[in-house]
Amino acid sequence: MTQGLTDPSQLDPILVREYLLDHPDFFARYPELLLSLRISHPERGTVSLVERQMMMLRQRVGQLEEEITSLLAIAARNEEIYRFYGKLIFDLMACESLEALQREMAEQLRQRFRFGRVRLHVAHQPNQFEHDAIHGVLRRRLSSDNYYLGRLPSAEAQLMVGLETGSVALIGLGEHNNWHGVVAIASHDPGHFVADMDTLLLDQLKHLLTYQVRQLIANE
């Protein structure tokens, strides 16, 4: 490789790298280099190229094993949550009053996720809540898909969940700006409910509660 060079130290390392990438069979043609090349190692001083490659492969295998373990743990947790929501939805469908609906939802969500507070505010006529200020909070906070996920000022948190808390989920029930109710969930963790979190499971709960609240109001 150094033929025609007066000073091999002037050879550009980038060119060497590109050459080896373009010629992956280089060491197959010159196998003696695999054992003669020495690479510095922080713990073992110097090692051969083969030894270094084996170390890197073992490290990569270890990283992949950790990633797989993490993914399996996430999958197991997601399956557990999915099963919980499946049972919750059937239990809520069996409720025959708004009080039973509120109680069942609050008990199960607080027990499973250790939420600080779970409340259901019902409007017996669209947007006519027990406290007029609730409608104002919904108009200010809810997005077009009827969610607010994040932190609330203390006055709004007290109104919606009855305590100052880390983060809150507000789930509007009904058409946007034409709400029949709102679910307010408080978490002591400021990072539990955040604006960009996935709402796939909450969507199922929202659709069920919207239907169930309307039915129970009509039956009163």
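These remarks concern the structure in this document. This is a predicted model, so every value here is computed, not measured.

Cut-offs used in this document
Residues numbered from 1 in each chain as written. Predicted model: local features only at pLDDT ≥ 70, side-chain atom pairs only at ≥ 80, totals over all residues. Heavy atoms only, no water. Salt bridge = Lys/Arg side-chain N within 4 Å of Asp/Glu carboxyl O. Buried < 20%, exposed > 50% of the residue type's maximum accessible area, 1.4 Å probe, protein only. Helix = DSSP H or I, 4+ residues; strand = E, 2+ residues; numbered from the N terminus. Contact = heavy atoms within 4.5 Å.

### Re the pattern of salt bridges
For step 1, the next point in the chain: Taken as a whole, this structure holds seven salt bridges when the rule is applied.
For step 2, the next point in the chain: For Arg-29, the salt bridge goes to Asp-25, with nearest N and O atoms at 3.4 Å.
For step 3, the next point in the chain: Exposure remark for Arg-29: the relative accessible area of 41% places this residue in the partly exposed category.
For step 4, the next point in the chain: Owing to a relative accessible area of 37%, Asp-25 belongs among the partly exposed residues under this scheme.
For step 5, the next point in the chain: As a salt-bridge pair, Asp-91 and Lys-87 come within 2.7 Å of each other at their nearest N and O atoms. Of this pair, Asp-91 and Lys-87 both sit in helix H4 (residues 49-93), four residues apart, which is roughly one turn of the helix.

### Some thoughts on the environment of Val-122
For step 1, the next point in the chain: With respect to the secondary-structure elements, Val-122 resides in strand S3 (residues 117-122).
For step 2, the next point in the chain: Along the primary structure Val-122 and Arg-214 are separated by 92 residues, whereas in three dimensions their C-alpha atoms are 9.5 Å apart.
For step 3, the next point in the chain: With sequence-adjacent residues up to four places away left out, Val-122 is seen in contact with Leu-98, Gln-128, Phe-129, Glu-130, His-180, Gly-181, Val-213 and Ile-217.

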